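# Report on the structure
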Amino acid sequence: MSTIDKNGMLISPKVTLWRYPHIEHGSLRVVHGIIIHQTDSPNVRSTFNAYGKGGNGAHFLIAKDGVIYQTASLSKRCYHVGRRIKSKCLEINKNQCKDKKLAKLKAYSWSKRLVAIDKHERQKNYPDRFPINSDSIGIELVGMHINDKTYEPVTACQNMSLQWLIGELYTHFGLDKSDIYRHPAVSYKNPGEAASAKWK
Ligand SMILES: [Zn+2]
């Protein structure tokens, strides 16, 4: 069993603390969900190099051998979701979606629609919308994209570590399976990202 210390770090022999303050952007006051990513980088080192410069990042990074690094505090916000979120109502069950405003947005051109949907969704509370940077934890798995639709498979060691980590985060933040999302489910990304990631 892990604990979270006053700096928002997950204390456990299974977690290597390697915090990059440059990827932290203000306070994370509440955690409603977890978003699973793949890095599109070949190894931990290349991701660390990018994190040293700041900008986008996530709270955890899992190497191909399953080593878990915590790269940002759980009380700080990371930019990992992307600029535009999709509509949960439309994505999860289009036929059941009773949101009349969304129906009107269908007439917009694709790029205008993306912006309008994002703006509309952000006015909703979780779980009516997908998680956003201000209420979610990001977990990155080292792995390269292969083409427009595919990423390299998540390794067995990565999936074992991911499962353990998500189990701990369920306990600490009162989450369950319905609060875990692959990045392309939430935002407009390569559909193969984290496709082979597994958790309970
Ligand atoms: Zn991602």
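Just so it is clear, the structure is predicted and the values come from calculations on it, not from any experiment.

### Considering the state of the cysteines
Summed over all chains, the structure comprises one disulfide. What pairs with C89 in a disulfide is C97, and their sulfur atoms sit 2.0 Å apart. Residues C89 and C97 are joined by a disulfide whose S-S torsion is about 115°; by sign, that bridge is right-handed.

### Details of the layout of surface pockets
Considering only enclosed or pocket space, the largest pocket measures out at about 380 Å³ in volume. Around the largest pocket sit 24 residues that line it, and N56, G57, Y79, E140 and K189 are the ones nearest its centre. Elements with a minimum of two residues in the lining of the largest pocket: β4 (33-38) and α1 (44-53). Examining the composition of the lining of the largest pocket, we find that four residues originate from one element, α1, more than from any other. Of the residues in the lining of the largest pocket, the class split is five nonpolar, 14 polar and five charged. Empty space within the second largest pocket amounts to approximately 250 Å³. In terms of lining residues, the second largest pocket is bounded by 13 residues, among which L90, E91, K94, R113 and I117 are the most central. Elements represented by at least two residues in the lining of the second largest pocket include exactly α2 (88-93), α3 (100-105) and α4 (110-121). Examining the composition of the lining of the second largest pocket, we find that four residues originate from one element, α4, more than from any other. Along the lines of polarity and charge, the residues of the lining of the second largest pocket split into seven nonpolar, one polar and five charged.

### With respect to the domain arrangement of the protein
Per the domain assignment, the segments of the protein are domain 1 (3-83 + 132-186) and domain 2 (88-121). Of note, the centres of domain 1 and domain 2, computed from C-alpha atoms alone, are 28 Å apart.

### What about the pattern of salt bridges?
Applying the stated criterion across every chain, the model contains eight salt bridges. One salt bridge connects D118 with R122, and the closest N-O pair in it is separated by 2.9 Å. Relative accessible area serves as the criterion here: at 5%, D118 is assigned to the buried category. One salt bridge connects E121 with K124, and the closest N-O pair in it is separated by 2.9 Å. Here E121 and K124 have matching classes, each one buried.

### What about α4?
Taking 1.5 Å of rise per residue, twelve residues should cover 16 Å, and α4 covers 16 Å from first to last C-alpha, within 8% of that figure. Residues of α4 that are buried include every one of L114, A116, I117, D118, H120 and E121, and no others.

### Here we look at the packing of aromatic side chains
Two descriptors summarise a pair of aromatic rings, namely the distance from one centre to the other and the angle between the planes of the rings. Evaluation of the coordinates by the stated rule reveals seven aromatic pairs. On the basis of an interplanar angle of 75° and a centroid distance of 6.4 Å, the ring pair of W110 and Y188 is categorised as edge-to-face. On the criterion of sequence distance, the pair formed by W110 in helix α4 and Y188 in the segment after α6 (183-186) is long-range, its members being 78 residues apart. Note on Y188: relative accessible area 32%, which makes it partly exposed. Here F130 and Y181 contribute two aromatic rings whose centre-to-centre distance is 5.6 Å and whose plane-to-plane angle is 85°, an arrangement assigned as edge-to-face. Of this pair, F130 sits in the loop between α4 and β7 (136-141) while Y181 sits in strand β10 (residues 180-182); the two residues are 51 residues apart in sequence, bridging distant segments of the chain. Considered together, F130 and Y181 belong to a single accessibility category, that of buried residues. Three or more aromatic residues link up through ring pairs in this structure, and these residues are W18, Y20, F48, Y51 and Y69. One residue, K112, lies across the ring of Y108, its end atom 4.7 Å from the ring centre.

Criteria and thresholds
- Residues numbered from 1 in each chain as written.
- Predicted model: local features only at pLDDT ≥ 70, side-chain atom pairs only at ≥ 80, totals over all residues.
- Heavy atoms only, no water.
- Disulfide = S-S within 2.5 Å.
- 1 Å grid on protein atoms, 1.4 Å probe; cavity = no way out; pocket = protein on both sides within 12 Å on 5 of 7 lines; lining within 4 Å.
- Points joined across faces, edges and corners; volume = space filled by probe spheres on them.
- Helix = DSSP H or I, 4+ residues; strand = E, 2+ residues; numbered from the N terminus.
- Nonpolar A, V, L, I, M, F, W, Y, C, P; charged D, E, K, R; others polar.
- Domains from an automatic or database assignment.
- Salt bridge = Lys/Arg side-chain N within 4 Å of Asp/Glu carboxyl O.
- Buried < 20%, exposed > 50% of the residue type's maximum accessible area, 1.4 Å probe, protein only.
- Expected span 1.5 Å × (residues − 1).
- Phe/Tyr/Trp six-rings, centres within 6.5 Å; stacked < 30°, edge-to-face > 60°.
- Lys NZ or Arg CZ within 6 Å of the ring centre and 35° of its normal.

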